[in-house]
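Okay, here's what each chain looks like letter by letter:
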Amino acid sequence: DVSIHDKLETLMKQILKMHPEINCLISNAGYGDFGPLENFSTLQIDKFMTTNLTSHLIITKLLLPHLKKNKMGDIIFIGSEAGLLGAKNASLYCAAKFGLRGFSEALSKDVAKKNIRVSIINPGMVRTDFFKYLNFEPGSEEKNTISIKDITSTVIYILNLSRNTIVDEINL
C-alpha cells in the first residue's frame, strides 16, 4: 500500500539491497474516485492525493540517490489524459494527474545532467481493474480503450532509446 508512507523508506531499502542492479522506476500507483468535490470528506481527499500523487514523489525521492550514485536511470510515470484537460466530476483525479505531470517535467530538468531520464505516459481509458468500483467504464468495443500491451510497448520503446534521447511525454 503506497499510501502508508512511513513504510516506504524501509521497503525501498529492502528492494535495493535485494536488487542493487535496479536502474528504472515505472511509477503507476493510483485509483479513481469521481464526483463533485464537495461530496468528498477531507479524509477522502487526503487519502486520494496521498496515493495518486504524493506516493509517486516519495518513491522517486527514495530511489533517486541510488540512480544518481549509479550515474544512470529511467523514471517513467504512468499519468492520464486527465492530466492534460480538466473534466466534470474529476477535480481530484485531474488535480493529482496535473500534479504528476508537472512533477515529471520539473524532475526531468533537475536530473538531466545525471544521466537520468524522466518521462510520463498519459493514456486515455485502459480496460483494467481501475473501473472495478466506479459507476462507469469504457465501452465494450476494443476501439473504446487503449490496450495494456500498447502502454507496455510504449514503456519498452522509451527504455530502448539511446541514452541521449529523452522522451518527456507521450499522450496515448
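In every chain, residue numbers begin from 1 and rise along the written sequence. Under the rules for a predicted model, residues below a pLDDT of 70 receive no local features and side-chain atom pairs below 80 are neither given nor counted, while totals for whole chains, interfaces and linings still include all residues. As a convention, hydrogens and water are excluded, and side-chain values are obtained from all of the structure's heavy atoms.

### Considerations on the packing of aromatic side chains
Put simply, two rings from Phe, Tyr or Trp (the six-membered ring, in Trp's case) pair if the centres are within 6.5 Å, and we call them stacked under 30 degrees between planes, edge-to-face over 60, tilted for the rest. Under the criterion given, the structure shown has four aromatic pairs. Ring geometry for phenylalanine 34 and tyrosine 93: centres 5.2 Å apart, planes at 50°, overall tilted. One end of the pair, phenylalanine 34, is in the loop between β1 (24–27) and α2 (42–70); the other, tyrosine 93, is in helix α3 (residues 91–111), with 59 residues separating them in the sequence. Between buried and exposed lies partly exposed: a residue is buried under 20% and exposed over 50% of the maximum accessible area for its type, with that area taken using a 1.4 Å probe on protein chains only. Residue classification places phenylalanine 34 among the partly exposed positions, given a relative accessible area of 25%. Under the scheme used here, helices are H or I runs from DSSP no shorter than 4 residues and strands are E runs no shorter than 2 residues, and both carry numbers assigned from the N terminus.

### Re the side chain of serine 108
Mapped onto the elements of the fold, serine 108 is located in helix α3. Only heavy atoms matter for contacts: two residues are in contact if any of them lie within 4.5 Å across the pair. Those residues within four positions of serine 108 in sequence are excluded, and the remaining contacts are Val118, Ile166 and Asp168.

### Let's talk about the packing of helix α1 (residues 5–18) against α2
In this analysis, axes come from line fits to C-alpha atoms, helices being fitted only over the stretch in contact, and the angle between any two N-to-C directions falls in the range 0 to 180 degrees. It is at 10 Å that the axes of α1 and α2 come closest, and there the two elements cross at 40°. Along this stretch, α1 crosses α2, giving a crossing that reads as right-handed. Only Thr50, Thr54, Ser55, Ile58, Ile59, Leu62, Leu63 and His66 of α2 make contact with α1, whose side of the interface consists of His5, Leu8, Glu9, Met12 and Leu16. Residues are grouped as follows: nonpolar covers Ala, Val, Leu, Ile, Met, Phe, Trp, Tyr, Cys and Pro; charged covers Asp, Glu, Lys and Arg; every other residue, Gly included, is treated as polar. Of the residues belonging to the contact of α1 with α2, the class tally is seven nonpolar, five polar and one charged. Each crossing gets its hand from how the near helix is turned against the far one by less than a right angle, where anticlockwise is left-handed and clockwise is right-handed.

Everything listed here is a matter of coordinates, which is why it stays silent on function.
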